[in-house]
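Structural description and commentary
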Amino acid sequence: MTQGSLSKIKKQEGYLISFYPWKESSYILKFLLKDFGVLDFILFRGKRKHIPISIGFKYDIVFYKKENLSIIKEIVLNESITINTKKDFYLVHIIFKLISKLHISEEYSNFFWTLIEEIFSLLKNSKIDKDLIFIKFLISVLKIEGLWKEYTKCFKCHKKFSKGDDVFFDLQNVRIYCSECIDTYNNKQNKIFPIKFWIISFSNWLIYNNIDLIPDSKKENILKNKNEIMNFLIEYYKIHLLYKDEEIFKIIDKYLQVSS
Ligand SMILES: [Zn+2]
């Protein structure tokens, strides 16, 4: 082996996002890596290595980085995930299905890595409401995809909103209007979602803060409204990210039907 090829060998932790068998004994795998974003790999003779291969598991991998399909030299299981409930199962499934649909470049790999690490540590904590974890994930992905801004005022009259205000979210154009301006905003083709402004500002807070930090005084109100928050975000996804993906909506429906 020459010096040049040695320098291309990398060592990283990675979460397995998806995999499928290739030829008789190999695998094609997709990993989220700490520093490289999402990359596709081939693991030659992978089936003979007797390593548990499962979506959501964390591995240490040594690989040879290539343009389209990187080659795994060594792979060791670092951490498996324990799934306690059906709800957790669907949640993990949705998270990795969604990640497989995004283009995660090196620039955002650290953000996603930290997000996934946080979500898995939260999943282990049985006291935390699973729907809050789901909401945090959905809103963070919107932020990274450039579909979520810091909303403070009406798009038309620039009136600054207070937490108790009723606002109208134009999901198509990603803008919010006050109740007066929405009357004159007569584009019937757009999907308008009426919502309380505090939900928008809470969602924004959730992107940057840990769920553990939600003050108890606010927690009750948030949990009472979690279905509305989830419905709002799922409508958002239907328009912008998953509009043709029937399969993932079936999984989301299953998730919503199962109680924690
Ligand atoms: Zn207005």
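Residues numbered from 1 in each chain as written. Predicted model: local features only at pLDDT ≥ 70, side-chain atom pairs only at ≥ 80, totals over all residues.

**Some remarks on the overall build of the chain**
Worth spelling out the cut-off: Helix and strand assignments come from DSSP, with helices taken as H or I runs of at least 4 residues and strands as E runs of at least 2, each series counted from the N terminus. Counting other C-beta atoms within 10 Å of a residue's own tells you its class, since 20 or more makes it buried, 12 or fewer makes it exposed, and anything in between is partly exposed; those C-beta atoms are placed from the backbone. Note on contacts: each residue gets a C-beta atom placed from the backbone, and two residues are in contact if those atoms are within 7 Å.
Summing up its helical and strand segments, the chain has 9 helices and 8 strands in all. In terms of its C-alpha atoms, the chain occupies a principal-axis envelope of roughly 70 × 40 × 30 Å. Residues counted as buried form 24% of the 260 residues belonging to the chain. Across the chain, the fraction of contacts at a sequence separation of at least 24, relative to all contacts at a separation of at least 6, is 60%.

**Some words on the sheet that holds strand 4 (residues 58–64)**
Where we set the bar: Here, a strand pair is defined by DSSP locating no fewer than two bridges between the strands. Only the stretch in contact is used when fitting a helix axis, every axis being a line fitted to C-alpha atoms; angles between N-to-C directions are given from 0 to 180 degrees.
As summarised here, the arrangement of the 5 strands in space is 1-2-3-5-4, forming a closed barrel in which the pairing is mixed. On average, adjacent strands in this sheet sit at an angle of 50 degrees to one another, irrespective of strand direction. Where helix 2 (residues 86–101) meets the sheet, its contacts fall on strand 1 (9–22) and strand 2 (26–33), and the angle it forms with strand 1 comes to roughly 100 degrees. Contacts from helix 3 (residues 106–123) reach strand 1, strand 2 and strand 3 (37–43), with the element oriented near 85 degrees to strand 2.

**Overview of the domain arrangement of the chain**
Here is the rule we go by: Domain boundaries shown here were taken from an automatic or database domain assignment. Residues are sorted three ways: Asp, Glu, Lys and Arg are charged, Ala, Val, Leu, Ile, Met, Phe, Trp, Tyr, Cys and Pro are nonpolar, and all the rest, Gly among them, are polar.
Here the chain is described as being made up of domain 1 (3–79) and domain 2 (86–148 + 194–257). Here domain 1 and domain 2 have C-alpha centroids that lie 27 Å from each other. With 13 residues of domain 1 at the interface, the matching set in domain 2 holds 13 residues. Looking at the side of domain 1 that touches domain 2, the elements that each hand over two or more residues are strand 1, strand 2 and strand 3. Split by residue class, the side of domain 1 that touches domain 2 holds 7 nonpolar, 3 polar and 3 charged.

**Quick look at the sheet that holds strand 7 (residues 175–177)**
The 3 strands lie next to each other as 7-6-8, forming an open sheet whose pairing is antiparallel. Only two strands of the sheet have a single neighbouring strand rather than two, namely strand 7 and strand 8 (192–196). Put simply, the sheet's adjacent strands are angled 35 degrees from each other on average, direction ignored. Note that strand 6 (residues 166–170) and strand 8 share 5 bridges and pair antiparallel. The residue bridging Asp166 from the neighbouring strand is Lys196, located in strand 8. The sheet strands contacting helix 6 (residues 197–208) are strand 6, strand 7 and strand 8, and the helix crosses strand 8 at an angle near 85 degrees.

**Details of unusual backbone geometry**
At Lys23, a residue that is not glycine, the phi angle is positive and equals roughly 55 degrees. Counting through the fold element by element, Lys23 comes out in the loop between strand 1 and strand 2. Backbone geometry places His158, a non-glycine residue, at a positive phi of 65 degrees. Relative to the helices and strands, His158 is located in the loop between helix 4 (130–144) and strand 6. A count of 10 C-beta atoms within 10 Å places His158 in the exposed class.

**Notes on the nonpolar core**
The condition is simple: Residues enter a nonpolar core if they are buried, belong to Ala, Val, Leu, Ile, Met, Phe, Trp, Tyr or Cys, and are joined to the set through C-beta atoms within 7 Å.
Counting 52 residues, the largest nonpolar core has Phe31, Leu32, Leu138 and Leu233 as its most contacted members. Two domains share this core, each providing at least three of its residues, namely domain 1 (3–79) and domain 2 (86–148 + 194–257). With residues near it in sequence (within four places) discarded, Leu32 still touches Gly14, Tyr15, Ile17, Val38, Ile99, Ile104, Phe112, Trp113 and Ile116.

**Here we look at the packing of helix 2 against helix 9 (residues 246–257)**
Relative placement of two packed helices is described by the angle separating their axes and the distance separating the axes. How we decide: For classification purposes, an angle smaller than 35 degrees is called roughly parallel, one larger than 145 roughly antiparallel, one from 65 to 115 roughly perpendicular, and anything else oblique. Rotating anticlockwise by less than a right angle from the far helix to the near helix defines a left-handed crossing, while the corresponding clockwise rotation defines a right-handed one.
Interhelical geometry of helix 2 versus helix 9 gives an angle of 150 degrees and a closest axis separation of 9 Å. When the interaxial angle is binned, helix 2 and helix 9 end up roughly antiparallel. For the pair helix 2 and helix 9, the sense of crossing is left-handed. Along the contact surface, helix 2 presents Lys87, Tyr90, Leu91, His93, Ile94 and Lys97, while helix 9 presents Ile248, Ile251, Ile252, Lys254 and Tyr255. Taken together, the residues of the contact of helix 2 with helix 9 break down into 7 nonpolar, 1 polar and 3 charged.

**Topic: the environment of Cys178**
Among the structural elements, Cys178 can be located in the loop between strand 7 and helix 5 (179–184). With 21 C-beta atoms packed within 10 Å, Cys178 lands in the buried category. As a C-alpha pair, Cys178 and Asn190 span 12 residues in sequence and 16 Å in three-dimensional space.

**Things to note about the packing of helix 4 against helix 6**
Two elements in contact, helix 4 and helix 6, have axes separated by 9 Å at closest approach and are oriented at 85 degrees. As far as their axial angle goes, helix 6 and helix 4 are roughly perpendicular. Contact residues: Ile135, Lys136, Ile139, Ser140 and Lys143 in helix 4; Ser203, Leu206 and Ile207 in helix 6. Classifying every residue of the contact of helix 4 with helix 6 gives 4 nonpolar, 2 polar and 2 charged.

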